[in-house]
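Okay, here's what each chain looks like letter by letter:
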Amino acid sequence: AQSVTQLDSQVPVFEEAPVELRCNYSSSVSVYLFWYVQYPNQGLQLLLKYLSGSTLVESINGFEAEFNKSQTSFHLRKPSVHISDTAEYFCAVTKGGKLIFGQGTELSVKP
Amino acid sequence: EPEVTQTPSHQVTQMGQEVILRCVPISNHLYFYWYRQILGQKVEFLVSFYNNEISEKSEIFDDQFSVERPDGSNFTLKIRSTKLEDSAMYFCASSEFAGTGLYEQYFGPGTRLTVT
């Protein structure tokens, strides 16, 4: 069975600091990996995804995630965060249709 | 940009009552999903729907739950007799295709269901 673990429930950081949100998955088969972001009072939005190919994937707003098969991880990073990055971030896996989510990490960026 | 919409944004109901949560998926999408998130817990898959029938359902999706696409635009989740533990945020999602996971699921803003 597939499962996703997000190791940090809350991550407070100061503006312009780097951040890493950790995600580990378990699966006996190849999976597709996603990061979704949920801004306050909004739905889930896809931030980035890994399907195949290059293990480093990037989003348009400066986030990146690296698929590490040996460590079964898909950590999300940003070298310099903004106040507007404050949101909840969900890691997810899928193998055919349904998404399986981690518990979520609340990123709080302080001035 | 097309988006998934959900109504109502917040629903309060008494235990034992029936509720219907409504969703309008993106118009050219073929696959539809419901997920829920109990406060403080992870987002959980409930059901997927394609070609007017359920493709997959989780163990949460028991006989108290049903889904329907009553017309060409709406996708509904019905809970026949609500329980306190049904209180959660319910998310609708849609995608062009499923199977390989290559197609993104687009989520609505959610309906917060409160059962008293």
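As the structure is a prediction and not an experimental result, all values here were calculated from the model.

*Asks:* Please clarify how the interface of chain B and chain A should be interpreted in this entry.
*Replies:* Interface size is commonly expressed as the accessible surface area that is lost when the partners come together. Across the contact, 18 residues belong to chain B and 21 residues belong to chain A. For the pairing of chain B and chain A, the buried interface totals around 1600 Å² over both sides, and the portion due to carbon and sulfur atoms is 57%. On the chain B side of the interface with chain A, the three residues burying the most area are Lys42(B), Val43(B) and Phe107(B), jointly 29% of the side's total. If you look at where chain B meets chain A, you find 1 salt bridge. In this structure, the salt-bridge partner of Lys98(A) is Glu56(B), at a minimum N-O distance of 3.1 Å. For the pair chain B and chain A, the interface holds 3 residue pairs in polar contact (both at pLDDT 80 or more). Elements supplying a minimum of two residues to the side of chain B that touches chain A: strand S4 (31–37) and strand S5 (43–50) of chain B. For the side of chain B that touches chain A, the leading source of residues is S4(B), giving 3 residues. A class-by-class count of the residues in the side of chain B that touches chain A yields 9 nonpolar, 6 polar and 3 charged.

*Asks:* Which parts of the structure should I look at to understand the packing of aromatic side chains?
*Replies:* Any aromatic ring pair is given by two values, namely how distant the centres are and how the planes are angled relative to each other. For the structure on display, the rule yields 18 aromatic pairs over all chains. A ring pair is formed by Phe34(A) and Tyr36(A), whose centres lie 6.3 Å apart and whose planes are at 35°; its orientation type is tilted. Across the pair, Tyr36(A) and Phe34(A) agree in class, each one buried. These aromatic residues form a ring-pair network of at least three members: Phe34(A), Tyr36(A), Phe90(A), Phe101(A), Tyr33(B), Tyr35(B), Phe45(B), Phe91(B) and Phe107(B).

Calculation criteria
- Residues numbered from 1 in each chain as written.
- Chains lettered and ligands numbered in written order.
- Predicted model: local features only at pLDDT ≥ 70, side-chain atom pairs only at ≥ 80, totals over all residues.
- Heavy atoms only, no water.
- Contact = heavy atoms within 4.5 Å.
- Buried area = accessible area lost by both parts, 1.4 Å probe.
- Salt bridge = Lys/Arg side-chain N within 4 Å of Asp/Glu carboxyl O.
- Polar contact = N/O pair within 3.5 Å; in protein donor to acceptor, adjacent residues only side chain to side chain.
- Helix = DSSP H or I, 4+ residues; strand = E, 2+ residues; numbered from the N terminus.
- Nonpolar A, V, L, I, M, F, W, Y, C, P; charged D, E, K, R; others polar.
- Phe/Tyr/Trp six-rings, centres within 6.5 Å; stacked < 30°, edge-to-face > 60°.
- Buried < 20%, exposed > 50% of the residue type's maximum accessible area, 1.4 Å probe, protein only.

Nothing here speaks to function; it is geometry throughout.
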